[in-house]
Amino acid sequence: MKKVLMGNHAASWGARLSKVKMIAAYPITPQTHIVEELSEMCGDGSLDAKFLKVESEHSAMASVISSQSTGVRSFTATSANGLALMHELLHWAAGARLPIVMVNVNRALAPGWNIWVDQGDSLSQRDTGWVQLYVEDNQEVLDSVIQGYRIAEQVNLPVMICYDAFILSHTYEPVDIPDQDLVDKWLPGYQPEHYLNPEKPSAFNGLVMPDNYMEIRYKLHMAHERAKSVTNEVGQSFGETFGRYYGAVEAVECDDAEMVIAISSSATSPARLVIRELRDKGMKIGLLKMRMFRPFPTEEVRAVLKGKSKAVVIDRNCSWGKGGIFADEIKGAISNQEDMPAIYSYITGLGGRSITPDLIHEIVTEVESGEPPAELSVWKGLKQ
Amino acid sequence: MIEIRIHGRGGQGSVIASKIMAVALFSEGKWVQSFPKFGVERRGAPVEAFLRLDQDKILIRSEIEAPDHIVILDATLMEVTDVTSGLKKGGWIIINTHGSPEDFPDFKDFKIGCVDASRIAADHRLGSRSAPIVNTAICGAFARATELVGIDSICNAIREEAPIKPEENAQAAKDAFEAIHLAETPSN
């Protein structure tokens, strides 16, 4: 069934089709529609789930940690300051190896108060142990929530699906809502190996002495390593069933490219337009869509960038005092490797400023000019 | 690709008008993208909504700065907003007004459609007489002037989207479709 859906309702549909059993959430712009729609679905019986209203995002995460611990597929959604308030419990969810799926609508953190897109909210949760996917359009929002549960439940890690405030959250566009029967076959009910069960009492998350702690953390890290190939397998399997293929990254026209633009989330779409236009003019340019951020798709990035002369990384985020975060991660991934491109790091589009095809053209022209990369990330579109 | 900008005031339903048009266009096989100006809406304050349509998937993700057509839900906005900003020459300006195209001599580069959507909405008891809900009527006027979408598709989209009074809303669109005064030749 194809419908014109806003990004937020695509997320609600993803949760509904995944037959989540428990939703706990606290509203925050620009996420509110997601849980509003889910509460209506719970109210009218189209989704058989418990909807728990809580008094804060911290409690929302605590609640889904609890419900997921009892072996129940759980969902929540948040944004910006709400995600920041969850911080302590994000570590807990990952450390407890709970396959929760959460949607985070990327929004700037205050102050100054700004409800528009900036990826800094979720990128600053990098080391909490969550798998993070950054998605491009409303169809991918819906598809990624469903895939999120397959990934999460295979590796026992929580998964965060991130997309841009307003540009996707409040934008209506056609979305194919898959048949429930098909989703049920592809994503069967959650079968936890261990869970809080009065029939079979066990204790979780107790004190761990130094002689065991490192091994537990190593397992968490190795689960992330596994999550890379699992994400690719899940994206492939999803494509075989639903006709839309996904992976940790997507490379467009990269095989013979001399320059590659690496970009994430909704800004990938205008970059696709730019690539097409420049290809038509004979320029050898490609696109690397960075869908997965944690675990970092090191091997995929290396494979795409090997032999290229220049890579432009466009970041809608900044690690204060360092620069564009994807750029920095990509530099890390290609260090100690031979035959890798120079990395040009650009920061733009913060706080909801548009990333237009013209802006991307300007960046490409600048990089093409022959200058070596600047020492620091270049802020593009700054007012004088 | 065709781009449309809708000017209204918070509470008039500009965003829903844009969505109704999108749903109608999608039902006729177009790819659509409909979104509000990325801002904070306040009742009565000027708001904008955007609509893009194309044969293929739309990849542009920024606000519309050079629309092909504009729709104005409240004529008093023309006193406070540069509504024609970026509007392409020869594009339609569809205005909710009891006036007629000759009343807008400043718009000589454009085609003008005038419809008293407030009266039509009030006649169908949509909203109140002082604050009528004009967004469904204006969709009918839009269909007639631009010929981008059929009135039947608009009415079906309204029936799908209207939270209350679906038939009255659909009838308002039909009435506006019939009643709009069109000045199809730019006077310049």
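The model shown is predicted, which means the values in this text are computed figures rather than measured ones. Here the residue index of a chain counts from 1 through its sequence in written order. The naming scheme follows written order: chains are lettered A onward, ligands numbered 1 onward. Local features in a predicted model are, by the rule used here, given only for residues with pLDDT of at least 70; side-chain atom pairs are given and counted only at 80 or more, and totals for whole chains, interfaces and linings are based on all residues. Excluded from the side-chain calculations are hydrogens and water; all other atoms, namely the structure's heavy atoms, are used.

A.B. asks: Teacher, can you tell me more about the overall build of chain A here?
C.D. replies: Secondary structure summary: chain A contains 13 helices and 15 strands in total. Computation of the radius of gyration draws on C-alpha atoms, with the globule rule given as 2.2 Å multiplied by the number of residues to the power 0.38. By the compact-globule yardstick of 21 Å for 384 residues, chain A fits well, its C-alpha radius of gyration being 21 Å. The C-alpha extent of chain A, read off along each of the three principal axes, is 70 × 55 × 45 Å. Strands are runs of DSSP state E lasting at least two residues, helices are runs of H or I lasting at least four, and both sets are numbered from the N terminus onward.

A.B. asks: Which parts of the structure should I look at to understand the domain arrangement of chain A?
C.D. replies: Note: interface size is frequently given as the accessible area lost on complex formation between the parts. Residue and element names in this part refer to chain A. Domain start and end points were adopted from an automatic or database domain assignment. You can read the domains of chain A as domain 1 (2–242) and domain 2 (249–379). Relative placement of domain 1 and domain 2: their C-alpha centres are 27 Å apart. Contact between two residues is taken to exist if any of their heavy atoms lie within 4.5 Å; hydrogens are not considered. With 26 residues of domain 1 at the interface, the matching set in domain 2 holds 27 residues. Buried surface at the junction of domain 1 and domain 2, summed over both partners, amounts to about 2300 Å²; 48% is from carbon and sulfur atoms. Throughout this description, the term salt bridge denotes a Lys or Arg side-chain nitrogen within 4 Å of a carboxyl oxygen of Asp or Glu. At the boundary of domain 1 with domain 2, the tally comes to seven salt bridges. Between Glu299 and Lys228 there is a salt bridge, with the nearest N and O atoms lying 3.6 Å from each other. Throughout this description, a polar contact denotes any pair of N or O atoms lying within 3.5 Å of each other; where both atoms belong to protein, one of them has to be capable of donating a hydrogen while the other can accept it, and for residues adjacent in sequence the pair is counted only when both atoms sit in side chains. Remark: the boundary between domain 1 and domain 2 carries 21 residue pairs in polar contact (both at pLDDT 80 or more). In terms of residue count, helix α9 (residues 210–242) provides more of the side of domain 1 that touches domain 2 than any other element does, five residues in total. For the side of domain 1 that touches domain 2, the per-class residue count stands at 11 nonpolar, nine polar and six charged. Note on definitions: buried area is the accessible-area loss of two parts on being combined, 1.4 Å probe, summed for both. Under the scheme applied here, ten amino acids are nonpolar (Ala, Val, Leu, Ile, Met, Phe, Trp, Tyr, Cys and Pro), four are charged (Asp, Glu, Lys and Arg), and all others, including Gly, are polar.

A.B. asks: Before we go on, may I ask you to explain the environment of A:Leu382 in this structure?
C.D. replies: Residues and elements named next belong to chain A. Mapping Leu382 onto the fold places it in the segment after β15 (378–379). Take Leu382: its relative accessible area is 54%, and that puts it in the exposed class. Sequence separation between Leu382 and Ser74 is 308 residues, and the spatial gap between their C-alpha atoms is 42 Å. Here's how the labels work: a residue is buried when its accessible area is under 20% of the maximum for its type, exposed when over 50%, partly exposed in between, all with a 1.4 Å probe on protein chains only.

A.B. asks: How should the interface of chain A and chain B be read in this particular structure?
C.D. replies: Counting from both sides, the interface comprises 24 residues of chain A and, opposite them, 19 residues of chain B. Interface of chain A and chain B: buried area, both sides summed, is about 1900 Å²; carbon and sulfur atoms make up 68% of it. Among the residues chain A hides against chain B, the three largest losses belong to A:Val4, A:Tyr172 and A:Pro174. Together they make up 30% of the total. At the boundary of chain A and chain B, one finds two salt bridges. The partner of A:Glu173 in a salt bridge is B:Arg61, and the shortest N-O contact between them spans 3.0 Å. Counting across the interface, chain A meets chain B through three residue pairs in polar contact (both at pLDDT 80 or more). Broken down by secondary-structure element, the contributors of at least two residues to the side of chain A that touches chain B are β1 (2–6), β8 (172–176) and α10 (268–280) of chain A. With five residues, the single largest contributor to the side of chain A that touches chain B is α10(A). When its residues are assigned to classes, the side of chain A that touches chain B shows 11 nonpolar, six polar and seven charged.

A.B. asks: Sorry if this is basic, but what is going on with helix α1 (residues 7–17) of chain A here?
C.D. replies: Residues and elements named next belong to chain A. With 10 of 11 residues buried, α1 is to be regarded as a mostly interior element. Restricting attention to buried positions, one finds in α1 the residues Gly7, Asn8, His9, Ala10, Ala11, Ser12, Trp13, Gly14, Ala15 and Leu17. Positive phi appears at Lys19, one or two residues downstream of α1, with a value of about 50 degrees.

A.B. asks: Before we go on, may I ask you to explain a nonpolar patch on the surface in this structure?
C.D. replies: Residues and elements named next belong to chain A. Exposure above 30% relative accessible area and the absence of a salt bridge qualify a residue for a patch, where like charges join within 9 Å and nonpolar side chains (Val, Leu, Ile, Met, Phe, Trp, Tyr) within 5 Å. To be clear on the numbers: accessible area is Shrake-Rupley with a 1.4 Å probe, and residue cover counts the displayed protein chains and nothing else. Together, Val208, Tyr213 and Ile216 give the surface a local cluster of nonpolar side chains, amounting to about 250 Å² of exposed area. Along the chain, the position of Ile216 falls in helix α9. Residue classification places Ile216 among the partly exposed positions, given a relative accessible area of 40%.

A.B. asks: Looking at this structure, how should I read the nonpolar core?
C.D. replies: Where a protein is soluble and globular, its nonpolar side chains tend to be buried together. Counting residues in hydrophobic clusters, the biggest one holds 57 residues, and the most contacted among them are A:Ile34, A:Phe75, A:Val103 and A:Tyr163. Ranked by the residues each element gives to this core, the list is headed by helix α7 (residues 138–155) of chain A, at eight residues. We define a nonpolar core as any set of buried Ala, Val, Leu, Ile, Met, Phe, Trp, Tyr and Cys residues linked to one another through side-chain atoms lying within 4.5 Å. In terms of nonpolar packing, the next biggest core, distinct from the first, is built from 48 residues, B:Val15, B:Ile138, B:Ala141 and B:Ala170 among them.

A.B. asks: What am I meant to see in the side chain of A:Asn197 here?
C.D. replies: If you trace the backbone, A:Asn197 turns up in the loop between α8 (180–186) and α9. Within polar-contact distance, the side chain of A:Asn197 engages the backbone nitrogen of A:Glu199 at 2.9 Å.

A.B. asks: When you look at the confidence of the model for chain B in this model, what are you seeing that I'm missing?
C.D. replies: If pLDDT is low for a region, its predicted coordinates should not be looked at in detail. Scored from 0 to 100, pLDDT reflects the predictor's confidence in each residue. Of all residues in chain B, 98% have pLDDT values of 70 or greater, and the mean over the chain is 94. Interface confidence for the predicted complex, given as ipTM, is 0.96, next to a pTM of 0.97.

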